[in-house]
Amino acid sequence: MSWRERLSNGLSKSRRRLTESMNVMFHRGVKLDDEFWDGLEETLILGDLGGRAADEVVENLKDKVRRQAIPDAKGVLAELAAEIAALFAPCEVDPLDDNPTCVLFVGINGAGKTTTVGKLAKVGVDEGRQVLIGSADTFRAAAIEQLHVWADRSDVEVVEKERGSDPASVCYATVERAEELGSDLVLIDTSGRLHTSADLMRELQKMVNVTRKRSRMPVRTLLVMDATTGQNGLAQAREFHKALNLDGIVLTKLDGTAKGGIAVAASHELGLPIVRIGVGESIDDLRPFDAHEFAEALIGSSEELLADE
């Protein structure tokens, strides 16, 4: 199965909800009246794009209708994917392609941080980079074991300390070891934490600050966000960004149960680029993000939808 097919399958639930609502709209007619625009905005909100992003899409499409003399709803539909793609914050500098770079991965429990770190380590090695992993999740023994499984596959060293150690000390030791080895890609896994816990967020701030003070290379923070969480994921992203001034998002678990519109909402509202997306467990299932490809998979191409109509 090709990457596009896997991405399309991963967004199938979201796409089905959107296209079903749009088909109802088309059955009412193709006139561009207030009922149509209200229905389109409601459809986008129900697709997890959120009110702010949905409103901007609708307003931009109305403007296109005026400027380009688009005659009907089918013409609007042909522009929809492009407008959704335009909402994503651009990735000016990919924190994972930067060389050298140190990246901390943050997020709630179960979002996929450890798996993401393992996959990216293998990708880095395959690209000929000197990779080092830091295991700063010192509370969950399974996290360290899981990291070692990935590290063994790619022959990457893992810096760790005994369970219960200060995670900031692991970050410090990881940066020191990276300098000894001449590493150019340093990936630090952190423990999952609820965004509502002030103490845990302060601990995370300490880890980032310690890493930045010790490191000679740029230090970035990426939020790993579970695509199945919908609007809850947006609330999490807001709090992590507020605490850490994030550099981007890795979107995981686009596996058919995903609420894909949340990627649009989070990127647009917070101004954060989506740098990677994951649609499965294998290494090939984590790829750089392409806004146009994602938008078309989310709503279906205009040709497909118009053919159905």
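1. A short note on helix α4 (residues 51-68)
Three- or four-residue spacings in an α-helix give side chains the same orientation, since the helix completes a turn every 3.6 residues. In this model, α4 (18 residues) spans 25 Å end to end at C-alpha, consistent with the 26 Å of a helix rising 1.5 Å per residue. Buried within α4 we find A53, A54, V57, V58, L61, K64 and V65. Projected down its long axis, α4 carries its buried residues within an arc of 135°, all on one side. What points out from α4, more than 90 degrees from its buried face, is the exposed set R52, R66 and R67. Taken from the residues just after α4, A69 is the one with a positive phi, measuring 55°.

2. Quick notes on the packing of aromatic side chains
Applying the stated criterion to the full structure yields four aromatic pairs. Arranged with centres 5.0 Å apart and planes meeting at 70°, the rings of F36 and W37 form a pair that is edge-to-face. The buried category is assigned to W37, whose relative accessible area is 8%. The interplanar angle of 85° and the centroid separation of 5.7 Å between the aromatic rings of F88 and F294 together place this pair among those described as edge-to-face. Of the two residues, F88 is situated in the loop between α5 (73-87) and β1 (101-106) and F294 in helix α12 (residues 291-299); the sequence distance between them amounts to 206 residues. On the basis of relative accessibility, which here comes to 7%, the residue F88 falls in the buried class. Linked through ring pairs, F88, F289 and F294 together constitute an aromatic cluster. Cation over ring: R153 sits above W150, and NZ or CZ is 4.4 Å from the ring centre. Positioned over the ring face of Y172 is R214, at 5.5 Å from the centre of the ring.

3. Comments concerning the pattern of salt bridges
As enumerated under the stated definition, the model contains 22 salt bridges in all. Residue D48 pairs with R17 through a salt bridge whose shortest N-O separation is 3.7 Å. Here D48, found in the loop between α3 (34-46) and α4, pairs with R17, found in helix α2 (residues 12-28); they are 31 residues apart in sequence, far enough to count as distant. Accessibility expressed as a relative area gives 9% for D48, which makes it buried. With a shortest N-O distance of 2.5 Å, E269 and R238 are connected by a salt bridge. Placement of E269 in helix α11 (residues 261-270) and of R238 in helix α10 (residues 231-244) is noted, with a sequence separation of 31 residues between them. Residues participating in the shared-partner salt-bridge network are E176, E179, R214 and R216.

4. Things to note about a negative patch on the surface
Together, D34, E35, D38 and E42 make up a negatively charged patch on the protein surface. With respect to the helices and strands, E35 occurs in helix α3.

5. Observations concerning unusual backbone geometry
Put simply, N99 and P100 share a cis peptide bond, and its omega is 0°. Mapped onto the fold, P100 is located in the loop between α5 and β1. Non-glycine residue D48 carries a positive phi angle of around 75°. In this structure, A69 takes a positive phi of about 55° despite not being glycine. For A69, the location among the structural elements is in the loop between α4 and α5. Looking at A69, the relative accessible area reads 61%, which means it is exposed.

Rules of the game
Residue numbers run consecutively from 1 along every chain, following the written order of its sequence. Per-residue local features are limited, in this predicted model, to residues with pLDDT of at least 70; the limit for side-chain atom pairs, both in listing and counting, is 80 or more; totals at the level of whole chains, interfaces and linings are taken over all residues. In computing side-chain values, all of the structure's heavy atoms are included and hydrogens and water are not. The helix count covers DSSP runs of H or I at least four residues long, the strand count covers runs of E at least two residues long, and both are numbered beginning at the N terminus. How far a helix is expected to stretch is found by multiplying one less than its residue total by 1.5 Å. We call a residue buried when its accessible area falls under 20% of the maximum for its residue type, exposed when it is over 50%, and partly exposed in between, using a 1.4 Å probe and counting protein chains only. The directions considered for the arc run from the helix axis to the C-beta atoms. To pair, rings of Phe, Tyr and Trp, with the six-membered ring standing in for Trp, must have centres within 6.5 Å; the planes then decide the type, stacked if under 30 degrees apart, edge-to-face if over 60, and tilted in the middle. Here, a charge over a ring is recorded when the distance from Lys NZ or Arg CZ to the ring centre is within 6 Å and its angle to the ring normal is within 35 degrees. The salt bridge definition used is simple: a Lys or Arg side-chain nitrogen within 4 Å of an Asp or Glu carboxyl oxygen. Patches here: salt-bridge-free residues with over 30% relative accessible area, like charges joined within 9 Å, nonpolar side chains (Val, Leu, Ile, Met, Phe, Trp, Tyr) joined within 5 Å. Per-residue accessibility takes into account occlusion by the displayed protein chains alone, with areas from the Shrake-Rupley method and a 1.4 Å probe. Asp and Glu are treated as the negative residues and Lys and Arg as the positive ones, with His and the ends of the chain left uncounted. Positions of charges follow a simple convention, taking NZ of Lys, CZ of Arg, CG of Asp or CD of Glu.

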